[in-house]
Amino acid sequence: MRTSFKDFAARRELAQATGVAGAHGGAFNEMAARRSFKRSMGKFEPQAIDKAVAIITAWRGELLDPAGQPYLEAVRRRLNDKANRNLIANIQRRGLSYYPVVGAGQEANDQGVFSVNKENSLVVQPIGNLNEMDFIESIQQLLFNPTGEVGPGPFPHTQWGVTIKLPSNPQAFLLYHSGNAPTGPQDYTQVKPLGDTAESRLPHDWYYTQMKYGPRAEPAMMDPLDQPGDVGNPCPGTGKPGARLPGNRFTIKNRSQP
Amino acid sequence: MSQRLEELKAELGKVFGRYAKWQLRCKEQNARTEAEQIKLAEEVLAEPCTGTVAEARTHSLGLQGVKTIELKDFLGRGTAKVPAKRRRRR
């Protein structure tokens, strides 16, 4: 197999970022998708898909220190990234494939003041054939205990929910837990449909998925809330092109009626 | 508007998704008076919140009127709806 230097550099980055032995092997098959906006959006765009897909993270918006105070932003990001590395190891143990993206959302208060949240996330799929229910069960376990902690939980990185699309249903959906706090993977049984297609993100789309690698976002995908230091933007001085610029973005929504 | 409600709104806005959770709770319980809204804000602040995009989007969808479905019902209803995938001509 021939690979370009760019691909090699990307694999090396991934291996360094994950710190997981053998990460290049698992990531190899997803190499094209993780740089290709079209292939990534294509996992959610058609009504019928071949393989189940989920977008999951171990990030938490608020992490508290032992005194019950929120960590500083830089510490929060570092701890969340460490949790994501453990999530990657957990995904690999289950024989699933993954590649990194960024999940993003915006919300406004009644004064029209917006807040933004971005999370380093992972696109997860089965390798080979896997029953849909088996895939969902794996995802439910990853949601409750993403970092593979010992004990009954819930854990510091236990998640609220995940985005999933299955071959058996044209609707992508949010799967989340009932009640205020889950007691185990079996609590993740609530579904809210998200839409049956995916399109390039426009500024009025508050929730979207952003590519971590590949070309940077087109201006039409961006908005005034974008900041150079946002999660997922390449840092300057690392030699990566497009420093401080976000990647391409897509949003899951319902197909417009003809 | 009372200063107490303003303080609570500012507190709700500190964790992503909590403000939308409170708005949804007010909508669901038809809380129109400040006293009701304050009570619900205190309730939401006392509950755990992950501050994640997934949680905020869930509440945001609730505000748009998107109903929650049980997973088993969702899986049961989907099978017949998927159109056959078109094969590309070579």
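Model, not experiment: these values are computed from the prediction. (Residues numbered from 1 in each chain as written. Chains lettered and ligands numbered in written order. Predicted model: local features only at pLDDT ≥ 70, side-chain atom pairs only at ≥ 80, totals over all residues. Heavy atoms only, no water.)

**Student:** With reference to specific residues and values, describe the interface of chain A and chain B.
**Tutor:** Across the boundary between the two partners, chain A contributes 48 residues, which contact 39 residues of chain B. Taken together, both faces of the contact between chain A and chain B bury some 3600 Å²; the carbon and sulfur share is 60%. Considering only the side of chain A, the residues that lose the most area to chain B are Trp160, Lys192 and Tyr207 of chain A, jointly responsible for 19% of the buried surface there. Applying the counting rule to chain A against chain B returns one salt bridge. Between Asp110 of chain A and Lys9 of chain B there is a salt bridge, with the nearest N and O atoms lying 2.4 Å from each other. At the surface where chain A touches chain B, the tally comes to 16 residue pairs in polar contact (both at pLDDT 80 or more). Within the residue set of the side of chain A that touches chain B, elements represented by two or more residues are strand E2 (96-108), strand E3 (114-126), helix H6 (132-144), strand E4 (161-165), strand E5 (172-176) and strand E6 (190-195) of chain A. At six residues, E2 of chain A tops the list of elements feeding residues into the side of chain A that touches chain B. Of the strand pairs in this sheet, E6 of chain A and strand E1 (residues 69-70) of chain B are connected by two bridges, and their pairing is antiparallel. Among the inter-strand pairings, Val191 of chain A is bridged to a residue of E1 of chain B, identified as Ile69 of chain B. (Contact = heavy atoms within 4.5 Å. Buried area = accessible area lost by both parts, 1.4 Å probe. Salt bridge = Lys/Arg side-chain N within 4 Å of Asp/Glu carboxyl O. Polar contact = N/O pair within 3.5 Å; in protein donor to acceptor, adjacent residues only side chain to side chain. Helix = DSSP H or I, 4+ residues; strand = E, 2+ residues; numbered from the N terminus. Pairing = 2+ DSSP bridges.)

**Student:** With reference to specific residues and values, describe the packing of helix H2 (residues 18-28) of chain B against helix H4 (residues 53-63) of chain B.
**Tutor:** Residues and elements named next belong to chain B. Orientation of H2 relative to H4, taken along the N-to-C sense of each, is 30°, at an axis distance of 8 Å. Taken as axis vectors, H2 and H4 run roughly parallel relative to one another. The element H2 and its partner H4 pack so that their crossing is left-handed. Across the interface between the two elements, Ala20, Lys21, Gln23, Leu24 and Lys27 of H2 pack against Glu55, His59, Gly62 and Leu63 of H4. Its residues assigned to classes, the contact of H2 with H4 comprises three nonpolar, three polar and three charged. (Axes fitted to C-alpha atoms, helices over the stretch in contact; angles between N-to-C directions. Parallel < 35°, antiparallel > 145°, perpendicular 65-115°, else oblique. Left-handed = near helix turned anticlockwise from the far one by under 90°. Nonpolar A, V, L, I, M, F, W, Y, C, P; charged D, E, K, R; others polar.)

**Student:** Mind laying out the packing of aromatic side chains, listing which residues take part and the relevant values?
**Tutor:** Scanning the entire structure with this criterion turns up seven aromatic pairs over all chains. Considering the side-chain rings of Phe173 of chain A and Phe74 of chain B, the 4.6 Å spacing of their centres and the 55° angle between planes classify their relative orientation as tilted. Taken as a pair, Phe173 of chain A in strand E5 and Phe74 of chain B in helix H5 (residues 71-78) lie in two separate chains rather than in one. Take Phe173 of chain A and Phe74 of chain B: they sit in the same class, and that class is buried. Linked through ring pairs, Phe37, Phe44 and Phe250 of chain A together constitute an aromatic cluster. (Phe/Tyr/Trp six-rings, centres within 6.5 Å; stacked < 30°, edge-to-face > 60°. Buried < 20%, exposed > 50% of the residue type's maximum accessible area, 1.4 Å probe, protein only.)

**Student:** Please provide a residue-by-residue account of the pairing of E4 of chain A, values included.
**Tutor:** All names here are of chain A. Counting buried residues in E4 gives five out of five residues, a clear majority hidden from the surface. The alternating pattern of E4 places Gly161, Thr163 and Lys165 on one face and Val162 and Ile164 on the opposite face, and all of these are buried. As paired strands, strand E1 (residues 53-56) and E4 are joined by three bridges and run antiparallel to one another. Considered in E4, the bridge of Ile55 is made with Thr163.

**Student:** Residue-level account of the confidence of the model for chain B, with values.
**Tutor:** Residue-level pLDDT values for chain B average 89, and 84% of them are 70 or greater. Taken over the whole predicted complex, pTM reads 0.87, whereas the ipTM for its chain interfaces reads 0.87. (pLDDT = per-residue confidence, 0-100.)

**Student:** Describe the side chain of Asn80 of chain A, naming the residues involved and giving the relevant values.
**Tutor:** Within the secondary structure, Asn80 of chain A sits in helix H5 (residues 73-93). Within the structure, Asn80 of chain A has its side chain in polar contact with the backbone nitrogen of Arg60 of chain A (distance 3.0 Å).

**Student:** Please give an account of the environment of Ala58 of chain A that cites residues and values.
**Tutor:** Inspection of the secondary structure assignment puts Ala58 of chain A in the loop between E1 and H5. What Ala58 of chain A contacts, discounting residues up to four positions off in sequence, is Asn80, Ala83, Asn84, Leu87, Pro146, His157 and Gln159 of chain A.

**Student:** I'd like to hear about the nonpolar core, residue by residue, with values.
**Tutor:** Residues Val124, Ile139 and Leu175 of chain A are the most contacted members of the largest nonpolar core, which totals 30 residues. Contributing elements (two or more residues each) for this core: E1, H5, E2, E3, H6, E4 and E5 of chain A together with H5 of chain B. Sorting elements by how many residues they give to this core places H6 of chain A first, with six residues. Setting aside chain neighbours within four positions, we find Leu175 of chain A in contact with Ile136, Gln140, Leu143, Trp160, Gly161, Val162, Ile164, Tyr188, Thr189, Gln190 and Val191 of chain A together with Leu71 of chain B. (Core = buried A, V, L, I, M, F, W, Y, C linked by side-chain atoms within 4.5 Å.)

**Student:** Quick rundown of the environment of Pro193 of chain A? Include the residues and the values.
**Tutor:** With respect to the helices and strands, the residue Pro193 of chain A is situated in strand E6. Taking the C-alpha atoms as reference points, Pro193 of chain A and Gln159 of chain A, 34 residues apart in sequence, are found 18 Å from one another. Among residues more than four places away in sequence, those in contact with Pro193 of chain A are Gln171, Ala172 and Phe173 of chain A together with Leu61, Val66, Lys67, Ile69 and Phe74 of chain B.

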